[in-house]
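Residues per chain are reported as follows:
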Amino acid sequence: MKPIVLQIGELPEWDQQALDENYQMLPYYRTDNKQALLEQYGGSIRALVTRGELGADSALLSACPAAEIVTVYGVGYDAVAVDHCLQNGIQVTNTPDVLTGDVADLGVAMLLCLQRDMLSAAQWVSSGNWKSQGNHKLGTRVYGQRIGVLGLGRIGFEVARRLSGFTDQILYTDTEAKPYADGWTYIPDAIELATKADVLFVTLAASADTRHIVNQQLIEALGKQGTLINISRASNIDEDALLNALESGSLGAAALDVFDNEPDIDPRWLALDNVLLQPHHASGTVQTRQAMGKLMRDNLAAHFAGHPLLTPVLPEAR
Ligand code: 8YV
């Protein structure tokens, strides 16, 4: 008998095939009557497969009392009810490291694209405006700017390392100075970081403690000339405060890969011309998604084979 696995979100075909071969997959995400599915199978579901942004909340986990493991396709597991998992002996795994480079790449690309107006400039050429109206408006210089990194973990480090080629002014905030941040300036206070930076990258792992760490005060500290880039989670930012600041001009510009209530994002975003909006795809390359899927499936296989998990996130479930 193949183990019964509840699948919370769609996955690429290469993962789906491999999962279908080894498990009895229940496609929760495309089942209309989710309640009926859980009532029928809840007691026999042994694993949940989910994506970073979808997670698994405690109501869902409570409906799966035999669950042994939640495997997350993504590094962020903030949407998984970790306390419930700890209390009920449910393991959780994620996919760290394999996506770090791509997420950092997209963050840097977003900065360049936004500051150098690449979207509107491309439109300028393809619409014929270049020929009929002359040169495109001027952009903002990227190299030499003061780059602030809020959260110098794996992804923040790779953003800073890449941008070290653009500037010698890398500033960062974290819970403590990092030994690997040679030549970069540690600023313990996030508001002070925002005051001193031209560009602020938000690269924090999200948790209840970091919710809305980027608040109105911090956004105003970044200021009229400042740029905010978020490649972490929407919950790290007070989105209303950010929208207000972008609308009023008290913040210069923002590039975002993550939003509250994505993909049904606040329509106020669509009316702004000082933003670059991306569809939560920082890890979205074929190579990285294949590596994420493999790591997630390897964790699942290790669990059912009784082997140590490759990338567990909890210290020790019961
Ligand atoms: C998503 C992510 O999981 O790694 C994370 O935490 O949010 C992403 O990689 C990815 O978009 C798949 O849905």
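Residues numbered from 1 in each chain as written. Predicted model: local features only at pLDDT ≥ 70, side-chain atom pairs only at ≥ 80, totals over all residues. Heavy atoms only, no water.

Chemist: Looking at this model, I keep getting lost on the packing of helix H1 (residues 13-22) against helix H12 (residues 286-305). Mind explaining?
Modeler: Axis angle and axis distance: for two packed helices, these are the angle between their axes and the distance between the axes, and together they describe the pair. As a packed pair, H1 and H12 sit with axes 9 Å apart at the nearest point and diverge in direction by 15°. When the interaxial angle is binned, H1 and H12 end up roughly parallel. Judged by the twist between their axes, the crossing of H1 over H12 is right-handed. Contacts from Trp 14, Asp 15, Ala 18 and Leu 19 of H1 reach H12 at Val 286, Arg 289, Gln 290, Gly 293, Lys 294, Met 296, Arg 297 and Leu 300. (Axes fitted to C-alpha atoms, helices over the stretch in contact; angles between N-to-C directions. Helix = DSSP H or I, 4+ residues; strand = E, 2+ residues; numbered from the N terminus. Parallel < 35°, antiparallel > 145°, perpendicular 65-115°, else oblique. Left-handed = near helix turned anticlockwise from the far one by under 90°. Contact = heavy atoms within 4.5 Å.)

Chemist: Just checking my understanding: could you explain the site of the ligand for this structure?
Modeler: Near the ligand you find 13 residues, and of these Tyr 73, Val 75, Gly 76, His 280 and Ser 283 are the closest. Within the side chain of Arg 233, an N or O atom sits 2.8 Å from an oxygen atom of the ligand. For the ligand, the accessible surface in isolation is 330 Å², of which the surrounding protein chains cover 93%. Within the shell around the ligand, the residues separate by chemical class into four nonpolar, five polar and four charged. (Near = heavy atom within 4 Å. Polar contact = N/O pair within 3.5 Å; in protein donor to acceptor, adjacent residues only side chain to side chain. Areas by Shrake-Rupley, 256 points an atom, 1.4 Å probe, with all protein chains shown as cover. Nonpolar A, V, L, I, M, F, W, Y, C, P; charged D, E, K, R; others polar.)

Chemist: When you look at the nonpolar core in this model, what are you seeing that I'm missing?
Modeler: It is characteristic of soluble globular proteins that their nonpolar side chains tend to be buried jointly. Leu 111, Ile 147, Leu 163 and Phe 201 are the most contacted members of the largest nonpolar core, which totals 42 residues. Here this core gets eight residues from one element, more than from any other, and that element is helix H5 (residues 100-115). Structurally, this core is a two-domain feature, drawing no fewer than three residues from each of domain 1 (4-96 + 287-305) and domain 2 (100-277). Ranked by size, the runner-up nonpolar core spans 30 residues in total, among them Leu 193, Leu 200, Ala 245 and Leu 272. (Core = buried A, V, L, I, M, F, W, Y, C linked by side-chain atoms within 4.5 Å. Buried < 20%, exposed > 50% of the residue type's maximum accessible area, 1.4 Å probe, protein only. Domains from an automatic or database assignment.)

Chemist: I'm lost on the pattern of salt bridges in this one. Help?
Modeler: Two side chains with opposite charge may pair up if their charged atoms get near one another. All told, the structure shown has 16 salt bridges when counted by the stated rule. The shortest N-O distance in the salt bridge between Glu 53 and Arg 51 comes to 3.1 Å. What makes Arg 51 partly exposed here is its relative accessible area of 21%. Notably, a salt bridge pairs Arg 154 with Asp 97, separated by 3.6 Å at the nearest N-O pair. (Salt bridge = Lys/Arg side-chain N within 4 Å of Asp/Glu carboxyl O.)

Chemist: Can you help me understand the packing of aromatic side chains in this one?
Modeler: We describe a pair of aromatic rings using the distance from one ring centre to the other and the angle between the two ring planes. Tallied over the entire structure, the rule returns five aromatic pairs. Residues Phe 157 and Trp 184 carry aromatic rings whose centres are separated by 5.5 Å and whose planes lie at 50° to one another, so their mutual orientation is tilted. Of the two residues, Phe 157 is situated in helix H8 (residues 154-163) and Trp 184 in the loop between strand S7 (170-173) and strand S8 (185-186); the sequence distance between them amounts to 27 residues. By relative accessible area, which is 22% here, Phe 157 ends up partly exposed. An angle of 40° between the planes, with centres 5.3 Å apart, marks the rings of Tyr 172 and Tyr 186 as tilted. Of this pair, Tyr 172 sits in strand S7 while Tyr 186 sits in strand S8, placing them 14 residues apart in sequence. Taking the relative accessible area as the measure of exposure, Tyr 186 reaches 26% and is therefore partly exposed. Counting every residue linked through ring pairs, the aromatic cluster contains Phe 157, Tyr 180 and Trp 184. (Phe/Tyr/Trp six-rings, centres within 6.5 Å; stacked < 30°, edge-to-face > 60°.)

Chemist: What am I meant to see in the pairing of strand S10 (residues 227-230) here?
Modeler: Looking along a regular strand, one sees side chains alternate from face to face of the sheet. Neither face of S10 is exposed, since Thr 227 and Ile 229 on one face and Leu 228 and Asn 230 on the opposite face are all buried. One ladder, built from four bridges, connects strand S9 (residues 199-202) with S10; its direction is parallel. Considered in S10, the bridge of Val 202 is made with Asn 230. In this fold, the crossover linking S9 to S10 by way of helix H10 (residues 216-222) has right-handed handedness. In this sheet, strand S11 (residues 253-256) lies alongside S10 in parallel orientation, the contact comprising four bridges. The partner of Leu 228 across the bridge, within S11, is Ala 254. A crossover links S10 with its parallel partner S11, the connecting element being helix H11 (residues 239-248), and its sense is right-handed. (Pairing = 2+ DSSP bridges. Right-handed = clockwise from strand over helix to strand, strands pointing away.)

Chemist: Please explain the packing of H5 against H8 as it appears in this structure.
Modeler: Remark: H5 packs on H8, axes separated minimally by 8 Å, with the N-to-C direction vectors making an angle of 50°. If you check the angle between H5 and H8, you find them oblique. For the pair H5 and H8, the crossing hand works out as right-handed. Note on element contacts: H8 touches H5 through Arg 154, Ile 155, Glu 158, Val 159, Arg 162 and Leu 163, opposite Thr 100, Gly 101, Val 103, Ala 104, Asp 105, Val 108 and Leu 111. Grouping the amino acids of the contact of H5 with H8 by side-chain chemistry returns seven nonpolar, two polar and four charged.

Chemist: Honestly, the side chain of Thr 95 in this entry has me stumped. Any pointers?
Modeler: On the secondary structure map, Thr 95 appears in the loop between strand S5 (91-93) and H5. By relative accessible area, Thr 95 is classed as buried at 0%. Excluding residues within four positions of it along the chain, Thr 95 makes contact with Val 72, Tyr 73, Gly 74, Val 75, Met 292, Leu 295 and Met 296.

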